[in-house]
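Listed below are the residues making up each chain.
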Amino acid sequence: MTLHRNLIAGDWVEGGNASDNINPSNTNDVVGQFAMADAAATEQAIDAAVAASHPWARSPIQQRHDILAAASAEIMARKDELGRLLSREEGKTLAEGIGETIRAAQIFDFFAGECLRLSGEKLASTRPGLDVEITREPVGVVGIITPWNFPIAIPAWKIAPALCYGNTVVFKPAGLVPGCAWALVDILKKAGLPDGVLNLVMGSGGTVGETILSSTRINAVTFTGSVSTGAHVAAKCSATMKKYQLEMGGKNPMVVLDDADLATAVDVSVNGAFFSTGQRCTASSRLIVTEGIHDKFVAACIEKLKSLNVDDALKDGTHIGPVVDESQLAQDEKYIQIGKDEGAKLAWGGERLNRETPGFYLQPALFTETTNAMRINREEVFGPVASVIRVKDYDEALAVANDTSFGLSSGICTSSLKYASDFKRNSEAGMVMVNLPTAGVDYHVPFGGRKGSSYGSREQGRYAAEFYTTVKTAYTLPI
Ligand SMILES: NC(=O)C1=CN([C@@H]2O[C@H](COP(=O)(O)OP(=O)(O)OC[C@H]3O[C@@H](n4cnc5c(N)ncnc54)[C@H](OP(=O)(O)O)[C@@H]3O)[C@@H](O)[C@H]2O)C=CC1
Ligand SMILES: O=C(O)CCC(=O)C(=O)O
């Protein structure tokens, strides 16, 4: 089996250990072998990014545009192959894998355009005769640390703006999904990226990740993953005076009011809670439902769940693929047990499933008769596990929706303009959806949350410039 190597200073480098990338739908299927960088190799990647930093910061915007546009076109041309690889290594369905791959291509296309729209401001000075110019410059070397649940879209929405705004990159993908990361870096190299501008260091968080966090030669770190690792990233970046941006967990509420269209509310809730196997930081894990529609809603959700096939991600007709690995499945089962112990009613699912191939299959679990104080409603499970919380009216629904340490995404199903408007104004979340799932966002607008979900400036769209650039104010006295 071919070993996929790390890319350092433009070379696919030899050396180090390797790990097998296992298909969660079929643990007998090895997707490939991938190198594991050690601390010394990570330092070499940082050396390369530092050496390439000055020339890339001054590279012509047409060159940056052309490379990002070529990468976008190549990803789009290979969407079926890359989507299949994604589904094979992560376990989301083929339709979801191809959809995510298309999203990555669109992100590169968007930031190719942004290369040509870099702008500043020229202002009058308060002092007569002076000019003042405000420009944005690259931050320098950016460390990119990504999770396993969006193996191509999250690397894309961090790498594309980093390169667009003239930064060089040391990229550490999640250990569970090196395949898409390797393919993406290969595409960018072939698109003409100069040596050292993008360095791939696959390997463990404890070694590669820690080396990135400890380095004083990396200027900024962008991270998506768990709350606990995010807190560690924050502490290490503060200690080494790096800029940092964190996207972490969610406990996203979906409010369903009596006046909601029932079919829409069920589709939106089941999609938001369980699609992509519930492994989305934007998943609707708390379904907050008013009394008048509660029983009809629960019955219809269970009917819908019964119609969904949980099976091999690559199989036709699969709606929900496997959980990503044994340890995540154990975490999901642990929370299902906690929910039962807390007195919640397991209204549907929650058991391991056997399929033709050995994989990490879990029947989506729906709890009812829960309270917002229960651990299953306060801690992120990150699996196909959701709870219904019964409330009296809209005011109680809003209060429960906001009673969480997270604030990433929130949603409401209602036909009332009054309640929809009030919810958009008063929901304490970075993204609010009306009659739409809490998960599944556009690629050209800001992404991020409040409270314990996010730290730093927003990702995606033009707002990404805030993280990947630093502002310079220049004064001129023309003589
Ligand atoms: N909000 C979100 O988008 C996500 C949330 N999660 C949550 O996190 C839980 C655990 O998932 P997991 O993948 O382990 O999440 P982690 O936060 O551990 O991993 C995210 C990334 O950080 C890296 N990392 C781990 N430890 C360090 C470290 N000390 N220094 C620097 N980088 C590090 C990981 O590397 P490596 O893969 O090599 O360990 C990975 O690339 C999930 O069950 C879920 O609750 C997970 C993924 C995404
Ligand atoms: O819901 C989405 O489209 C994105 C979710 C996401 O970024 C995540 O789960 O990490």
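Residues numbered from 1 in each chain as written. Chains lettered and ligands numbered in written order. Predicted model: local features only at pLDDT ≥ 70, side-chain atom pairs only at ≥ 80, totals over all residues. Heavy atoms only, no water.

**Structural notes on the side chain of glutamate 90**
One can find glutamate 90 in helix 3 (residues 79-90). One buried charged residue, glutamate 90, forms no salt bridge at all, with the nearest opposite charge on lysine 92 at 4.5 Å. If we ignore the near neighbours within four places in the chain, the residues touching glutamate 90 are Pro24, Trp148, Asn149, Pro151, Val177, Gln279 and Val324. (Helix = DSSP H or I, 4+ residues; strand = E, 2+ residues; numbered from the N terminus. Buried < 20%, exposed > 50% of the residue type's maximum accessible area, 1.4 Å probe, protein only. Lys, Arg positive; Asp, Glu negative; His and termini not counted. Salt bridge = Lys/Arg side-chain N within 4 Å of Asp/Glu carboxyl O. Contact = heavy atoms within 4.5 Å.)

**Description of the UniProt feature "active site" (unreviewed entry) in the protein chain**
UniProt's entry tags Glu247 with the feature "active site" (unreviewed entry), counted in the numbering of this structure. Mapped onto the elements, glutamate 247 comes out in strand 12 (residues 243-247). Not counting residues up to four positions away in its chain, the partners in contact with glutamate 247 are Phe223, Thr224, Gly225, Leu408, Phe447, Gly448, Gly449, Ser453, Ser454 and Glu459. (UniProt positions renumbered as here; feature names shortened; annotations may be inferred.)

**Thoughts on the sheet that holds strand 1 (residues 3-4)**
With mixed pairing, 3 strands are arranged side by side in an open sheet as 1-5-4. Two strands in the sheet have a free side with no partner beyond their single neighbour: strand 1 and strand 4 (17-23). Along the sheet, helix 6 (residues 178-190) contacts strand 1, strand 4 and strand 5 (26-36); its crossing angle with strand 5, the most-contacted strand, is approximately 45 degrees. (Pairing = 2+ DSSP bridges. Axes fitted to C-alpha atoms, helices over the stretch in contact; angles between N-to-C directions.)

**Points about the site of ligand 2**
The environment of ligand 2 is formed by Arg103, Asn149, Phe150, Ile154, Trp157, Arg280, Cys281, Thr282, Ala439, Gly440, Val441 and Phe447. Take arginine 103: an N or O atom from its side chain is 2.8 Å from an oxygen atom of ligand 2. A distance of 2.8 Å is found between an oxygen atom of ligand 2 and a backbone nitrogen or oxygen belonging to glycine 440. Protein chains bury 99% of the 290 Å² of accessible surface belonging to ligand 2 in isolation. Residue contributions to the shell around ligand 2 reach at least three from each of two domains, namely domain 1 (3-248 + 453-476) and domain 2 (253-434). (Near = heavy atom within 4 Å. Polar contact = N/O pair within 3.5 Å; in protein donor to acceptor, adjacent residues only side chain to side chain. Areas by Shrake-Rupley, 256 points an atom, 1.4 Å probe, with all protein chains shown as cover. Domains from an automatic or database assignment.)

**Describing the site of ligand 1**
The local shell around ligand 1 holds 28 residues, among which Thr146, Glu210, Ser226, Met248 and Gln328 are the closest. Glycine 175 has a polar backbone atom sitting 2.9 Å from an oxygen atom of ligand 1. Within the side chain of serine 226, an N or O atom sits 2.7 Å from an oxygen atom of ligand 1. Look at ligand 1: alone it shows 850 Å² of surface, and the protein chains cover 82% of it. Counting only elements with at least two residues in the shell around ligand 1, the list comes to helix 7 (205-214), strand 11 (220-224), helix 8 (227-239) and helix 11 (326-341). When residues of the shell around ligand 1 are assigned to their parent elements, the largest contribution, 4 residues, is made by helix 7. The residue makeup of the shell around ligand 1, split by class, is 10 nonpolar, 15 polar and 3 charged. Split by domain, the residues of the shell around ligand 1 number at least three in each of domain 1 (3-248 + 453-476) and domain 2 (253-434). (Nonpolar A, V, L, I, M, F, W, Y, C, P; charged D, E, K, R; others polar.)

**Remarks on the domain arrangement of the protein chain**
As far as domains go, the protein chain holds domain 1 (3-248 + 453-476) and domain 2 (253-434). On a C-alpha basis, the centres of domain 1 and domain 2 stand 31 Å from each other. Taken together, the two surfaces of domain 1 and domain 2 that pack against each other cover about 2100 Å², and 59% of this comes from carbon and sulfur. By the criterion of area lost to domain 2, the three top residues of domain 1 are Ser25, Trp148 and Ser453, representing 25% of everything that side buries. At the boundary of domain 1 and domain 2, one finds 10 residue pairs in polar contact (both at pLDDT 80 or more). (Buried area = accessible area lost by both parts, 1.4 Å probe.)

**Details of helix 2 (residues 61-77)**
Taking 1.5 Å per residue, 17 residues should reach 24 Å; helix 2 reaches 24 Å between its end C-alpha atoms and fits that length. Here the buried face of helix 2 lies against helix 1 (39-57), helix 3, helix 4 (94-115), helix 5 (153-164) and helix 6. (Expected span 1.5 Å × (residues − 1).)

**Considerations on helix 6**
With 13 residues, helix 6 extends 18 Å from end C-alpha to end C-alpha; this agrees with the ideal 18 Å at 1.5 Å per step. Counted residue by residue, helix 6 has 11 buried out of 13 residues, so it is predominantly covered. Burial in helix 6 covers these residues: Pro178, Gly179, Cys180, Ala181, Trp182, Ala183, Leu184, Val185, Asp186, Ile187 and Leu188. Of the residues flanking the end of helix 6, it is glycine 192, one or two places downstream, whose phi is positive at about 110 degrees.

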